[in-house]
Amino acid sequence: MMISKIVYGFFYLISLLPFWMLYGLSDLEYLIVYYILRYRRGIVRKNLVSSFPEKSRYEIIQIEKGFYHWFCDYFFEAVKLLSISDKKLKQHFKVNNVKEVEACFNDGQNVAAVLGHYCNWEWLSCMGFYFSENRMMGLVYHPLANRSFNELFKKIRSTCKNGVIVSKKHILRKLVEYRQKGLMSLFGYISDQGPKWENIHLWLNFMHHDTAVFTGAERIMRKVNDAVFYVEMSRPRRGYYTATFRLITKDPDSLPEYEITRRFFALLENTIRKDPRYYLWSHNRWKRTHEEFDRRFEVVNGKVLKKNSSDY
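Residues numbered from 1 in each chain as written. Predicted model: local features only at pLDDT ≥ 70, side-chain atom pairs only at ≥ 80, totals over all residues. Heavy atoms only, no water.

Peer 1: Help me understand the environment of Tyr 118, please; the structure alone is not making it clear to me.
Peer 2: Within the secondary structure layout, Tyr 118 lies in the loop between strand 2 (111–115) and strand 3 (135–141). On the accessibility criterion, Tyr 118 (5% relative accessible area) is buried. Once the C-alpha coordinates of Tyr 118 and Ser 132 are considered, the two residues, 14 residues apart in sequence, prove to be 26 Å apart. Beyond its immediate sequence surroundings of up to four residues, Tyr 118 is in contact with Met 233, Thr 271, Ile 272, Asp 275, Tyr 278 and Tyr 279. At 2.7 Å, the side chain of Tyr 118 forms a polar contact with the backbone oxygen of Asp 275. (Helix = DSSP H or I, 4+ residues; strand = E, 2+ residues; numbered from the N terminus. Buried < 20%, exposed > 50% of the residue type's maximum accessible area, 1.4 Å probe, protein only. Contact = heavy atoms within 4.5 Å. Polar contact = N/O pair within 3.5 Å; in protein donor to acceptor, adjacent residues only side chain to side chain.)

Given below as structure tokens:
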């Protein structure tokens, strides 16, 4: 607990620095991470080459360097949320199509926002100042392995107006609780991680890969009948972001099973291809293959079960 407080205090002091100083630290971190530590360079290069087979080696390296520059910026921009004022953040972070989202709230319908690890997703937890009062805003999160940094990012994601964070294990219960209290909610689901074997129910063609994808977020959206928006993030220039809400559906049950997930990944791929530097290429996203899944597992009554070891 003491270590977590020390970590928080250290990064809170860093957050008080102006943006130009934070980006100076980020530039230094880039040199260390990219050239000295070579952090996950092999995974990043492999992911880029396989995702963009049409690009030259020179183009791949330029995207790679751009990714590491942004990746270092991401951390310091996230830390900045510990102390930044709403007024200052509003200068750096714009949200489009707010009225369309508010119309859902006015109709008594909560909102689910699906997004990927693109641009600075941490800033989305601080968009409450664009909406009316009594709107609960938050991100569904998966706890980090490092306890101190997990506590740090929990504070980062809950520092802004009406900002809350909820573990994916508890999100359904929390949504029901808010509804019983008469509170409207908007939660962001970061839905492009690689699922565990037993959670694989769908494979999609994503970035030239046969990709196992999460479908749990869609199941929750259907249960609570949320309006579903895709959040398209962009970075016009360093230190400035724009989030645009794009409606997928107001009636989840009107779409075939997994159609929300399919549309999300199609939209995310389109966003990535516009500017691939800002996607989280350091994640070993395609370590699980469809061939291995078919060899080791089978689906019985909707459940993923291991095959008998003697069968393979």
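Peer 1: Where do I start with the environment of Tyr 278 in this structure?
Peer 2: By the element assignment, Tyr 278 lies in the loop between helix 10 (259–274) and helix 11 (290–296). In sequence terms Tyr 278 and His 117 are 161 residues apart; their C-alpha atoms lie 8.3 Å from each other. Other than its neighbours up to four places away in sequence, Tyr 278 contacts Trp 70, His 117, Tyr 118, Cys 119 and Arg 235. Side-chain polar atoms of Tyr 278 contact the side chain of Arg 277, separated by 3.1 Å.

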